[in-house]
Amino acid sequence: MYAEVAIALPLEKTFHYAVPPQLGPICEIGKRVLVPFGKRTVTGYILEQSRHLPPDITGRNVKEILDVLDETPLFDKEMLPFFRWVADYYLAPLGQVIKTALPPGINWESYYHCSLTQEGKRVAMEGSRRQDPAVEVLQAIDPEQGNLFNQLLKAHPHRSLFFSLQKKGLIALEARIKPGRTKVKRAAFVEIMPPPSSPEPLTSKEEEIYAFLTEQKKVSLGDLRKRFRQASSVLKKLIQRGMVAVQEEEIYREPVSETVEREEAPFSLNPEQQAALQQIGQALNEHTFRPFLLYGVTGSGKTEVYLRAAHDALALGKRALILVPEISLTPQLVGRFQRKLEAEIALLHSGLSPGERYDQWRKVNKGLATVVIGARSAVFAPCRDLGLIIVDEEHETSYKQEDGVRYNARDLALVRAQREKAVVIIGSATPSLESFYNAQRGKYQTLHLTQRVAGGVLPHVDIVDLRGKKPTLLSPPLQEAVARNLEDGGQSLLFLNRRGFSRSAICADCGSAFTCHNCSVTLTLHARRQALLCHYCGYHIPAFPVCPHCGGGMIQLRGFGTERVEEEVRRLFPQARVARMDSDVMTRRGSSARLLMALERGEIDILVGTQMIVKGHDFPQITLVGIITADVALNLPELRAAERCFQLISQAAGRAGRGRRPGRVIIQTFLPEHYAIQRAKDHDFVGFYQQEMATREALRYPPVTRMVNVRVSSTNPHDAEQGIQRLAKKGETVLKGLQEKVEMLGPGPAPLYQIKGRYRWQLLLKGEGVISLQRLSRTLLQEGRGLKGVRVEVDVDPLSML
Ligand code: ADP
Ligand code: ZN
């Protein structure tokens, strides 16, 4: 027997291995195997089994599979075409796609171990040649244990030196393998056996435990020990007599989910919700692919529609998959689903420990969960009989994975639903241009909710023009509004999409800015940490440094972030209960849920924060939203800057006035006439859509075309530039032979030229025809493989091109 195996490494090809007889019975499609690959041992996934090798391989020396790692397959054969589609569309290796689709941390990792030979030890000991880099390397190696090769490379980054030492017989490099970090957890369970024919008399203690076990039928050993102090000795006797048995079983680690609880009087859907649900219900009954865009203003009861649609899918014996942008920020939604659906719900997201995540995933794989709620990667959940997929807040950029396989989970939800003949609902108050465009062209059916539920109204919005005024964080109108809201007992949200204390710091003497050592960005002051910090790579220096250019010690701060706003708010309103929510303070697990619960209980008067606070939260007591600077998103050199700005303002505004009292929004801006801000003020999505689409059409930008960003990066600026030039030249020759028109923009340096020490150049491909775009990208990727010292990445449908 032979097996076709995809390897979890960036390799385009798949490989064939022979199945040794002893592994034959346990080899199955969807299981992981250990296979030799070059000098290493790596993890692979079985894609196919056959009696014969394909003709092009027959006759070659085929290696054997070393081991099978799983008892149960991790994916069904039916998932393979989906994985292949993803690999094809995003130009990613199949093995990488499968790895992305599976829970993290389960694969066996191979690594190189480096140790000194006898001769090497001698040379290192003598150490006479102090200036010799080779001796220095030898002396860095632990003479007894050796070291991880990667670790040594950090201090001595010259691979070639190590290889020459290996050739000279001074060091030994050995490939080793270590098991995945995440494992199946097992526990011992005590089970009652059929009663013996001639029972011996039991002591009273034995009787008590036996009776307990008879009643419970099966108890974990741990629980039994907790309950009865003498459990161990009694058990021993009972086992000897064959009255009970102990067995190991797999158990599932259950995450303690932090949810926001709320008592709610039962209500019936309003006519718009009903109409939407009816359409969805009909589609579910047809058991075919039907895509819906649920476009409903903030607070129009979209979540309620999702919930009842999921209920209907379950009633038909189908399962439901619900994607949310970030679970830690949507505890309300999870809580509502858990309370209102009588279903086994699995949660899949990165906030879980790897073990918990693996177990939740296994529960889905074994068919024990009927509803899956998860972030981006849950789109790959091994859920069978899918009837319904929901993508909440479909416009959110967190659905896009920005490294490795750069997929967009919203788009894959549609692809998967199509494959599995499921109904898919993507929902938003501010749909992405892509989705609204598709709906306009009839690709999705639009379900429109125009009203807030139960007679609520959208908040009134005022714009404060910051131009020509004395710079303040909270303008007089905003200050006054916060003060009044505080008096009225309402809660206020103050939103600014930048964390830290100040945006940048410059030397007052020579005017030069403090920039990151590894990235082309300025450092942001974080006052509590007393550091200037890079938001891209984490590089930091203590605040306040001496200017490296002129030696000056006077530092001037420019701009501000949430940390500064919080300080200002505390100063202005000393009597108020103030909290901040951004990724600097929300570092602990469950911290955002705890903060949101405090908000729900009315323990916070003013909440300052980044985009974290404007997600789909539903807090009826929030009556004021202040947007400190609406222009942050607009000032980025990005194609979607206006769209992002409109979404953020609308979503922030959408948090206000969701209860009985009407809400108010104040937007501070230097660009009061900008259409993104004006349209957001008027709650006019369609108006914004039309205006923005006019620009996109004129420039032939997405969604009227598709884009691929080809990026070349290197630690050497010269290599990066040369690399991109090579690709551009290659591209020119390919362009002519393409069926459909593709434009090539660039090459040019990326707007953020240097990130994490790598210099970056890019080439943007733009066109209407997917096939031609793909062909060109694939050719460039192949060309890039031949280039030394550079990394070539292809981002299909990129969201950010910074
Ligand atoms: P959205 O997801 O559109 O922002 P939600 O579904 O969260 O809106 O609804 C907002 C609030 O209104 C929730 O507390 C929800 O329970 C409640 N709600 C939803 N539909 C109705 C309805 N038909 N009547 C009364 N309350 C409703
Ligand atoms: Zn940096």
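Everything discussed here concerns the structure shown above.
The structure presented is a predicted model; accordingly, all values stated were derived computationally and were not measured. (Residues numbered from 1 in each chain as written. Chains lettered and ligands numbered in written order. Predicted model: local features only at pLDDT ≥ 70, side-chain atom pairs only at ≥ 80, totals over all residues. Heavy atoms only, no water.)

(A) Unusual backbone geometry, seen in detail. Residue Pro702 is joined to Pro703 through a cis peptide bond whose omega torsion reads 5°. Relative to the elements of secondary structure, Pro703 occurs in the loop between helix 21 (685–699) and strand 30 (706–714). Along the chain, Gly746 connects to Pro747 via a cis peptide bond; the corresponding omega equals 5°. Located in the positive-phi region is His287, a residue other than glycine, with phi close to 55°. The residue His287 is located in the loop between helix 10 (271–286) and strand 12 (290–296) in this model. The exposure class of His287 is partly exposed, given its relative accessible area of 36%. In this structure, Lys756 is a non-glycine residue whose phi angle is positive, near 50°. Inspection of the secondary structure assignment puts Lys756 in the loop between strand 31 (742–755) and strand 32 (758–767). (Helix = DSSP H or I, 4+ residues; strand = E, 2+ residues; numbered from the N terminus. Buried < 20%, exposed > 50% of the residue type's maximum accessible area, 1.4 Å probe, protein only.)

(B) Broad picture of the side chain of Asn485. You can see Asn485 is positioned in helix 16 (residues 476–487). At a separation of 2.9 Å, a polar atom in the side chain of Asn485 contacts the side chain of Ser492. Aside from chain neighbours lying at most four places away, what touches Asn485 is Gly490, Gln491, Ser492, Thr623 and Leu624. (Polar contact = N/O pair within 3.5 Å; in protein donor to acceptor, adjacent residues only side chain to side chain. Contact = heavy atoms within 4.5 Å.)

(C) Quick peek at the sheet that holds strand 3 (residues 32–37). A sheet is described by the order of its strands in space; here five strands give the open sequence 2-1-4-3-5, paired in antiparallel fashion. Only two strands of the sheet have a single neighbouring strand rather than two, namely strand 2 (15–18) and strand 5 (67–68). Relative to strand 4 (residues 40–50), strand 3 runs antiparallel, the two being bridged by six bridges. Residue pairing across strands places Val33 opposite Gly44, the latter belonging to strand 4. (Pairing = 2+ DSSP bridges.)

(D) Focus on empty space enclosed by the protein. Taken as a whole and assessed by the stated rule, the structure comprises five cavities of 30 Å³ or more. Quantified by volume, the largest cavity comes out at close to 80 Å³. Along the walls of the largest cavity sit His395, Glu396, Gln611, Val614, Lys615, Arg644, Gln647, Leu648 and Gln651, which together make up its complete lining. Residue composition of the lining of the largest cavity, by class: two nonpolar, four polar and three charged. If you go around the second largest cavity, the residues you meet are Phe495, Asn497, Ile627, Thr629, Ala630, Val632, Ala633, Cys645, Leu648 and Ile649. With three residues, helix 19 (residues 641–653) is the largest single contributor of residues to the lining of the second largest cavity. The class makeup of the residues in the lining of the second largest cavity is eight nonpolar, two polar and no charged. (1 Å grid on protein atoms, 1.4 Å probe; cavity = no way out; pocket = protein on both sides within 12 Å on 5 of 7 lines; lining within 4 Å. Points joined across faces, edges and corners; volume = space filled by probe spheres on them. Nonpolar A, V, L, I, M, F, W, Y, C, P; charged D, E, K, R; others polar.)

(E) Spotlight on the packing of helix 1 (residues 80–89) against helix 14 (residues 409–419). Where helix 1 meets helix 14, the closest approach of the two axes is 11 Å, and the angle between their N-to-C directions is 145°. When you trace helix 1 past helix 14, the crossing you get is right-handed. When helix 1 is examined against helix 14, the residues Pro81, Phe82, Trp85 and Val86 are found in contact with a partner set consisting of Leu412, Val415, Arg416 and Arg419. Here the residues of the contact of helix 1 with helix 14 sort into six nonpolar, no polar and two charged. (Axes fitted to C-alpha atoms, helices over the stretch in contact; angles between N-to-C directions. Left-handed = near helix turned anticlockwise from the far one by under 90°.)

(F) Representation of the sheet that holds strand 31. With antiparallel pairing, the four strands of this open sheet are ordered in space as 31-32-30-33. Edge positions in the sheet fall to strand 31 and strand 33 (791–796), since each of these pairs with one other strand and no more. Going across the sheet, the axis of each strand differs from the next one's by a mean of 20°, ignoring polarity. The sheet contacts of helix 23 (residues 770–785) involve strand 30, strand 31, strand 32 and strand 33, and relative to strand 32 the element is tilted by about 155°.

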